[in-house]
Amino acid sequence: MPIDYVTPTELQTEWISQISTGSWTSVARVCTAASRYIDRFCNRRFYTTTGDETKYFDGPRHETREWSPELDLASITTLALAISEAAGSSGTYASISTGDFSQEPYDRLDGWPATYLRLNETYIGTYNSSAPYPNVFMPGNRTIYITGKFGWASTDVSSTNFPQELRVVAAEVATWLWRSRESGFSNVSAVSDLGGTLVPRALTPWSHQVLDSYRKSSSR
């Protein structure tokens, strides 16, 4: 379940004191919109689920020992690989021992999730003949499945794992969205002496810099 990075109460208390509780439903939608804007801008989600999810992934274009899913990896309970697309279609996967792969980068910053996986060149687990250990991620549809938690390792914005500066950015975006109503949805906030319009921006340079520091490039 997605979480919002700013709440109507925070917006009223710290940013827009004129908000009335009668507008709470509309303000809540603005807070959600601001939070999902941050996710889309950064190409990642800054929350995870309380329980494990199971997701199937298409393999890389070529056989490789390193592979990056679109979603960040907060934790992995099961990594299972198929040795071919046909094996994946038939549900034949090898569950990879935790000692046979690593979540990378190993030296990532505290609180940051893993962004890719690396298989060991040689294995220590036991694998049967029907689903032998694949020492590479195989190309093809649904050749990988993962059970675990995806995204940022946080279910609460007050958690120490949640990037607190994003709460400020979310509030700034939500404030801009809410106040845009006051000018009839016009982007014009003023007219300069030369007649040019001055257009407000949802992000200040500081907020843009913060989001850029968390932005994840697409793996595809």
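Cut-offs used in this document
Residues numbered from 1 in each chain as written. Predicted model: local features only at pLDDT ≥ 70, side-chain atom pairs only at ≥ 80, totals over all residues. Heavy atoms only, no water. Salt bridge = Lys/Arg side-chain N within 4 Å of Asp/Glu carboxyl O. Helix = DSSP H or I, 4+ residues; strand = E, 2+ residues; numbered from the N terminus. Buried < 20%, exposed > 50% of the residue type's maximum accessible area, 1.4 Å probe, protein only. Axes fitted to C-alpha atoms, helices over the stretch in contact; angles between N-to-C directions. Parallel < 35°, antiparallel > 145°, perpendicular 65-115°, else oblique. Left-handed = near helix turned anticlockwise from the far one by under 90°. Contact = heavy atoms within 4.5 Å. Nonpolar A, V, L, I, M, F, W, Y, C, P; charged D, E, K, R; others polar. Phe/Tyr/Trp six-rings, centres within 6.5 Å; stacked < 30°, edge-to-face > 60°.

S.K.: Give me the lowdown on the pattern of salt bridges, citing residues and values where you can.
M.R.: Applying the stated criterion across every chain yields a total of 11 salt bridges. When the shortest N-O distance is used, the salt bridge between R118 and E66 registers 2.6 Å. One end of the pair, R118, is in strand 6 (residues 116-119); the other, E66, is in strand 2 (residues 66-67), and 52 residues separate them in sequence. E66 sits in the partly exposed class, given a relative accessible area of 37%. The residue E104 makes a salt bridge to R118 at a minimum N-O spacing of 3.1 Å.

S.K.: I'd like a rundown of the environment of T98, residues and numbers included.
M.R.: For T98, the position within the fold is in the loop between strand 4 (94-95) and strand 5 (101-104). For T98 and L119, which are 21 residues apart along the polypeptide, the C-alpha to C-alpha distance reads 10.0 Å.

S.K.: A description of the packing of helix 2 (residues 24-42) against helix 5 (residues 205-214) should follow, citing residues and the corresponding values.
M.R.: Direction vectors running N to C along helix 2 and helix 5 enclose 55°, while the axes themselves pass 8 Å from each other. The angle between helix 2 and helix 5 falls in the class oblique. In the packing of helix 2 onto helix 5, the handedness of the crossing is right-handed. Here Y37, I38, F41 and C42 of helix 2 come into contact with helix 5, specifically with H208, L211, D212 and Y214. For the contact of helix 2 with helix 5, the per-class residue count stands at six nonpolar, one polar and one charged.

S.K.: So what's going on with the packing of helix 4 (residues 165-179) against helix 5? Which residues, and what values?
M.R.: Pairs of packed helices are described in terms of their axes, by the angle between the two and the distance that separates them. Where helix 4 meets helix 5, the axes come as close as 10 Å, and the angle between the chain directions of the two elements is 130°. Considering the angle they form, helix 4 stands oblique to helix 5. Both helix 4 and helix 5 take part in a crossing whose hand is left-handed. Here helix 4 contributes E165, L166, V168, V169 and E172 to the contact with helix 5, which in turn contributes W206, S207, V210, L211 and Y214. Here the contact of helix 4 with helix 5 is built from residues that sort into seven nonpolar, one polar and two charged.

S.K.: Talk me through the packing of aromatic side chains; I want residue IDs and the actual numbers.
M.R.: In the structure shown here, the tally under the stated rule is 14 aromatic pairs. Seen from their ring centres, Y37 and F41 are 6.2 Å apart, and the 45° between their planes marks the pair as tilted. Pair noted here: Y37 and F41 are both in helix 2, with a separation of four residues, about one helical turn. Accessibility expressed as a relative area gives 28% for Y37, which makes it partly exposed. Ring geometry for W112 against Y214: centres 5.2 Å apart, planes inclined by 5°, an arrangement best described as stacked.

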